[in-house]
Amino acid sequence: MSGKADPRPAGEGTTSRTRLERGRGALGPALELVHTGRAPTRAVLTAELGVTRATAGAVAAELEALGLIRVDARPGAAAGSQGRPSHRLSVAEDGPVALAAQIHADGYRAALVGLGGRIVATAPGSEVVDADPAKVLGSVVAAGAELLRETGRRCVGAGLAVPSAVAEPEGLALNPLHVAWPAGAPVREIFAEQVRAAGLHGPAFAANDVNLAALAEHRHGAGRGSRDLLCVATGHRGVGGALVLDGRLHTGSSGLALEVGHLAVNPAGRPCHCGSRGCLDVEADPLALLTAAGREPGPEMSLLKQADDLIRGQYDDPDVRRATEQLVDRLGLGLSGLVNILNPDRIILGGLHRTLLEADPDRLRAVVAERSLWGRSGGVPILACTLDHNSLVGAAELAWQPVLDDPLGALG
């Protein structure tokens, strides 16, 4: 037995342990608050959690010990603020990462994403998507595993974004039309097998790319602070939608909710893959814009980039302006129907739809207001998505969720 006296007052060690035990149930909520930027200081964390300052301090210290956040050693106050200065909190810049992968019609990409939605590293994307899902997913996981070796980061898990509805609980890609995969491909199982084969630890997940874009924007982008968030986006081909309710994706009974691409907005329009005509999927995506503007798509770059460049660089061309207005009207018609059904408090648009909004925001908002029940009395804010690679960030959110739910269980 050591002859040294414990320098702490009697009972202090017990008190600290008690505070930490009391706060362990708050570790997950506290991490999510820092992760989403809603607790920039320990004082805000204390208020948001509804605990004592001492308990909040113990919780922050535990998260820091896990390598997830940083607590400023010296408290500081923002300019003009009142009251006692508080320690600033931030995600650990050198902390663990999630492996994120995205497949789309024009290729695939892998990235490492840390807490706070920060993309730490990306691998050069491929422009070829094999018809065999296992080959594609093996390649994208290998690219992510190489990033992990190069950076030396700890990996908490992996998430995959795919351009298809993903049925739950099996994780089947039901309609991967634009990547020529077989309908019903078990993408989550294949992805998990490739993750394990690459020697990576942690759970693996898969979900629809627009769902994941909405989740990322809700936590870190244009949707932050929204309660009922509607996201509609067109990427390289087709149109997707997602709804976030009270911070959670609404995916329906089996993961198939919000297939907004198959809303009919032009009954005499183009044939759709679903068997109908004039769906948003074929009336408001990049190929529809290029076709309406009389432009022949080229092989030199993705359809999305060709359509974006056309609007941004040649909007004064009458054919381009007419095509843009046509897509804006089709999109507005679809959005107005969704507003009538869902009553969201915010709409965010991604991909080419973001470019359409930027090109003619007044026209789009007027179409939605004119055709929706609530538009005339109280318009729904329509905003552009703000995150680059939001589907990748959302894929990482899937892998981070177990850590947000139980930091100690996942990493301790």
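Please read these numbers as outputs of a predicted model, since none were measured by experiment.

Enquirer: Please set out the state of the cysteines residue by residue, giving values where relevant.
Expert: Going through the model one piece at a time under the given rule, you end up with zero disulfides. Unpaired in this structure, Cys 272 has its nearest cysteine sulfur neighbour in Cys 274, at a distance of 3.7 Å. Its sulfur unpaired, Cys 385 is 4.5 Å from the next cysteine sulfur, which belongs to Cys 231.

Enquirer: Can you lay out the side chain of Asp 360 for me, pointing to particular residues and giving the numbers?
Expert: Tracing the backbone shows Asp 360 in the loop between helix H12 (352-359) and helix H13 (361-371). Buried and unpaired, Asp 360 has Arg 363 as its nearest opposite-charge partner, separated by 4.7 Å. Excluding residues within four positions of it along the chain, Asp 360 makes contact with Tyr 315 and Glu 325.

Enquirer: Explain the packing of helix H11 (residues 318-342) against H12 residue by residue, including any values.
Expert: Following both chains from N to C, one finds H11 and H12 inclined at 110 degrees, their axes separated by 10 Å at the closest point. Put simply, H11 runs roughly perpendicular to H12. Here Thr 324, Leu 327, Val 328 and Leu 331 of H11 come into contact with H12, specifically with Leu 352, His 353, Leu 356 and Ala 359. Counted by class, the contact of H11 with H12 contains six nonpolar, two polar and no charged residues.

Enquirer: Tell me about helix H10 (residues 303-314), and name the residues and values.
Expert: The terminal C-alpha atoms of H10 lie 16 Å apart, and with 12 residues this matches the ideal 16 Å at 1.5 Å per residue to within 8%. When H10 is considered as a whole, its buried residues turn out to be Leu 303, Leu 304, Gln 306, Ala 307, Asp 308, Leu 310 and Ile 311. On its buried side, H10 packs onto strand S10 (228-234), helix H9 (286-292), H11, strand S13 (346-351) and H12.

Enquirer: Describe the sheet that holds strand S3 (residues 97-104), with residues and values.
Expert: The strand order across the open sheet formed by five strands is S5-S4-S3-S6-S9, and the pairing between neighbours is mixed. For this open sheet the edge positions go to strand S5 (119-122) and strand S9 (204-208), each flanked by a neighbour on one side alone. Sheet twist, expressed as the mean angle between neighbouring strand axes with direction ignored, is 25 degrees. When strand S6 (residues 155-162) meets S9, the two strands line up parallel, connected through five bridges. Looking at the pairing, Gly 159 lines up with Phe 205 of S9.

Enquirer: Lay out the environment of His 35 in plain terms, naming residues and giving numbers.
Expert: Looking at the element boundaries, His 35 is found in helix H2 (residues 27-35). Given the relative accessible area of 2%, His 35 is considered buried. Sequence separation between His 35 and Gly 114 is 79 residues; the distance between their C-alpha atoms is 9.4 Å. Apart from the residues within four sequence positions on either side, His 35 is in contact with Val 91, Leu 115, Gly 116, Gly 117, Arg 219, His 220, Glu 397 and Leu 404. At 2.8 Å, the side chain of His 35 and the backbone nitrogen of Gly 116 are in polar contact. Looking at His 35, its side chain comes within polar contact range of the side chain of Glu 397, at 3.0 Å.

Enquirer: Hey, could you go over the confidence of the model for the protein chain for me, with residue numbers and the actual values?
Expert: Looking at the protein chain as a whole, its pLDDT mean stands at 89, while 91% of the residues score no less than 70. In this model, residues 1-12 is a region of pLDDT below 50 whose contacts with residues beyond four sequence positions or in other chains number one contact.

Enquirer: Pulling in residues and values, what's your account of the pattern of salt bridges?
Expert: For the structure shown, the criterion picks out 17 salt bridges. Put simply, Glu 283 and Arg 270 hold a salt bridge, and the shortest N to O gap is 3.3 Å. Residue Glu 283 is found in helix H8 (residues 280-283), and its partner Arg 270 is found in the loop between strand S12 (248-249) and H8; the two are separated by 13 residues along the sequence. Of the charged contacts, one joins Arg 363 and Asp 329 as a salt bridge, the two residues approaching to 2.9 Å between their closest N and O atoms. Taken together, the residues Arg 363 in helix H13 and Asp 329 in helix H11 connect sequence positions 34 residues apart. Each of the salt bridges in this network shares a partner with another, and the network as a whole consists of Arg 270, Glu 283 and Arg 330.

The rules behind each value
Residues numbered from 1 in each chain as written. Predicted model: local features only at pLDDT ≥ 70, side-chain atom pairs only at ≥ 80, totals over all residues. Heavy atoms only, no water. Disulfide = S-S within 2.5 Å. Helix = DSSP H or I, 4+ residues; strand = E, 2+ residues; numbered from the N terminus. Buried < 20%, exposed > 50% of the residue type's maximum accessible area, 1.4 Å probe, protein only. Lys, Arg positive; Asp, Glu negative; His and termini not counted. Salt bridge = Lys/Arg side-chain N within 4 Å of Asp/Glu carboxyl O. Contact = heavy atoms within 4.5 Å. Axes fitted to C-alpha atoms, helices over the stretch in contact; angles between N-to-C directions. Parallel < 35°, antiparallel > 145°, perpendicular 65-115°, else oblique. Nonpolar A, V, L, I, M, F, W, Y, C, P; charged D, E, K, R; others polar. Expected span 1.5 Å × (residues − 1). Pairing = 2+ DSSP bridges. Polar contact = N/O pair within 3.5 Å; in protein donor to acceptor, adjacent residues only side chain to side chain. pLDDT = per-residue confidence, 0-100.

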